[in-house]
Amino acid sequence: MMMAKHEPVELPPTITVRELAQKLEVTPIELIKTLMNVGVMAGINQTIDFETAEIVAAEMGKEVRLAVPEAEKEKEEEAGELPLWRKWLLAEPAAKLQPRPPVVAILGHVDHGKTTLLDAIRHTNVAAREAGGITQHISAYQIEHDGRLITFLDTPGHAAFTSLRARGAKGADIVVLVVAADDGVMPQTREAISHAKAARVPIVVAINKVDKPNAQPEKVRRQLADLGLVPQEWGGDTIMVEISAKERLNLDELLEAILLVADTADIRANPQGRVFGTVIEAQVKKGQGVVATLLVQNGTLRVGDVLVAGTTYGKVRALLDFRGQRIKEAGPSTPVAMLGFHDIPQAGSLFYKVKNEKEARQIVAERQEAEKKAAQATPRMTLEEFFQRLQEGEVKELRLVVKVDVQGSLEPVVRAIEEVGERSEAQARILHADVGNITENDVMLAAASDAVIIGFNVKPDAAARRVAEHEGVSIRTYRVIYNLLDDIEKALKGLLEPEKQEVVLGEAEVLAVFPSSRFGKVAGARVRRGVIRRNGRIRVLRGDEVVFDGEIGSLKRFQEDVREVREGFEFGIGLKNFKDFQVGDRLVCYTIETVQSA
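Residues numbered from 1 in each chain as written. Predicted model: local features only at pLDDT ≥ 70, side-chain atom pairs only at ≥ 80, totals over all residues. Heavy atoms only, no water.

Secondary structure assignment for the chain yields 16 helices and 33 strands. Evaluated residue by residue, the chain yields a buried proportion of 49% over its 598 residues. Taking the intrachain contacts of the chain between residues at least 6 apart in sequence as the baseline, contacts between residues at least 24 apart amount to 70%. Taken as a whole, the chain presents about 29600 Å² of accessible surface, with 48% of it coming from carbon and sulfur. (Helix = DSSP H or I, 4+ residues; strand = E, 2+ residues; numbered from the N terminus. Buried < 20%, exposed > 50% of the residue type's maximum accessible area, 1.4 Å probe, protein only. Contact = heavy atoms within 4.5 Å. Areas by Shrake-Rupley, 256 points an atom, 1.4 Å probe, with all protein chains shown as cover.)

It is worth spelling out the packing of helix H1 (residues 17-24) against helix H2 (residues 28-37) at this point. Between H1 and H2, the shortest axis-to-axis distance is 9 Å and the interhelical angle comes to 110°. Between H1 and H2, the crossing angle belongs to the class labelled roughly perpendicular. From H1, Val17, Leu20, Ala21 and Leu24 reach across to H2, where they touch Pro28, Leu31, Ile32 and Leu35. For the contact of H1 with H2, the per-class residue count stands at eight nonpolar, no polar and no charged. (Axes fitted to C-alpha atoms, helices over the stretch in contact; angles between N-to-C directions. Parallel < 35°, antiparallel > 145°, perpendicular 65-115°, else oblique. Nonpolar A, V, L, I, M, F, W, Y, C, P; charged D, E, K, R; others polar.)

Okay, the sheet that holds strand S24 (residues 452-456) next. On the basis of which strands lie adjacent, the open sheet formed by four strands has the order S23-S22-S24-S25 and parallel pairing. Every other strand in the sheet has two partners, leaving strand S23 (427-435) and strand S25 (475-478) as the edge strands with one partner each. Strand-to-strand twist in this sheet, taken as the mean axis angle between neighbours without regard to direction, amounts to 25°. Pairing analysis gives four bridges linking S24 to S25, with the strands arranged parallel. Bridged to Phe456 within S25 is Tyr478. Along the sheet face, helix H13 (residues 407-422) touches strand S22 (397-404), S23 and S24 and points at about 175° away from the line of S23. Those strands touched by helix H14 (residues 440-449) are S22, S23, S24 and S25, and its axis lies near 175° from that of S22. (Pairing = 2+ DSSP bridges.)

Attention now goes to the nonpolar core. In terms of nonpolar packing, the biggest core is built from 29 residues, with Leu117, Ile150, Phe152, Val176, Leu254 and Ile258 touching the most fellow members. Elements supplying a minimum of two residues to this core: strand S6 (103-108), helix H6 (114-125), strand S7 (140-145), strand S8 (148-153), strand S9 (174-180), strand S10 (203-208) and helix H10 (251-265). With eight residues, H10 is the largest single contributor of residues to this core. Here Leu117 is in contact with Ile106, Val176, Val178, Ile243, Ala245, Leu251 and Leu254, once residues within four sequence places are set aside. Within the second largest apolar cluster, 21 residues are counted, among which are Val510, Val527, Ile573 and Cys589. (Core = buried A, V, L, I, M, F, W, Y, C linked by side-chain atoms within 4.5 Å.)

Let us now look at the environment of Val26. Looking at the secondary structure, you find Val26 in the loop between H1 and H2. Taking relative accessible area as the criterion, Val26 reaches 17% and is therefore assigned buried. For Val26 and Met60, which are 34 residues apart along the polypeptide, the C-alpha to C-alpha distance reads 9.2 Å. Residues contacting Val26, with those up to four places away along its chain left out, are Ala21, Leu31, Met60 and Lys62.

Its place among the elements puts Thr238 in the loop between helix H9 (217-226) and strand S11 (240-242). Once the C-alpha coordinates of Thr238 and Pro202 are considered, the two residues, 36 residues apart in sequence, prove to be 8.4 Å apart. In contact with Thr238, other than residues within four places in its own chain, are Ile203, Val205, Leu229, Val230, Pro231 and Gln232.

Geometry only, nothing functional implied.
Right, dumping it as structure tokens:
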């Protein structure tokens, strides 16, 4: 029977079997049978590519087409997952795209001259046009070189740069890596390279302090080549410029290199298109309210526009350029200070223009609700979760940040991990490997890339533990290399079981027993030590005998539901599937927690 002619169904480059069945309006069972007929064995949550989807759709009498433009598909294949703003940019009509100034972030090791370089560039290119120099009002500025603008993000610390990427913004187009010629590659240099590579942003190297008598620029080139940044003069593709930020030597050559890389990257935007960009930073200022530093990446932002950024919104009351002067509009790659947000938007969040404040309020309310659900339902990547997400087609590689105690251990550990990955279906990709304790920067890189941190004979410092807990980053430390490799191999093969331990929270004594229509009987008790928590489990002890072990059904004080009761206080408790309380019973409250491997 001939089917009626319908519009082709648009499909992304990859899709799960379940989603494809919904798109084609067939049952998953029908689709799986058809896949088997064409020689493809796939489960309901497995991901298939567009070509396979096209074949199976044809078998079922359906017509499909690729929804993503070829240009975007090629860029995704080259650069991995694209941030949302880049996807929006690809949706703009090609005929309306115009060259825009490149956005540059300067990264490098502490004391290698990042701030000095930023100051030298700013004053060399801006102060000459302004009497009395310039006062920096916001953390981004523009300079002009050979009649072309370049935007610099004044965020020399790579933690700030990673913070942007961690929230999907990736606002910089080019990274300038500053390396001191007298000091060479240092730990933060390697970290900065890892951050830039993870963000898949082209790198220009500025070999700084070449005016010093002990400068060794050739040594720096060799060190960087060993890390994968091969100089152009050696046949590689990394431009390296010898400079002195202090003496303002070869700054023009550095700016020319930036523009050359920008031309190669073909950086464009549509000034008349959709208005969106990245929040660089935000704070509350007395007398002004929330002041947000924004980087416009497409369209033209104007006073009066209504913007949404993350879980806040606002109407643009005023725009200030980097000189602190009021302006009425700002085009692509322009940094501005904006007044008008109701709350402080998160640094790195994407902002975009909406029709009116009613629409903005609705979007923000939906996002706030979604964030609550996501926080409860979607933890960060752990080794235990990796295989499940692999099976569901969500991930194809296990990303790792590796830290070891001594240099002699680094190469053997890295090589051993890579060999484990080569023997498995999934790949282990090491984003960064270095010597020393686990730091806050390591955690930020892991958070940005959804990676797991592996430590060998090292521990996280206090700041790293605090940030890891906040960002939900998994840190696993080991003292035995066999255990480390065994866990990674099990994760890649889906055999790893999480290590659990019981943590006792507190103990209470039953003082009285009361009838209950809901539970049969409930107990009145007093906390003898610790705390009794609603989300914990309860073990009922009668003498040395365990008479029940299970979940709490109700926890009350003075007829009101509570989340916890602390030492010395009385409370009422009902247990699921247990009513045989007796006065004198001991109630032990505990939780089961996943522990780090040793």
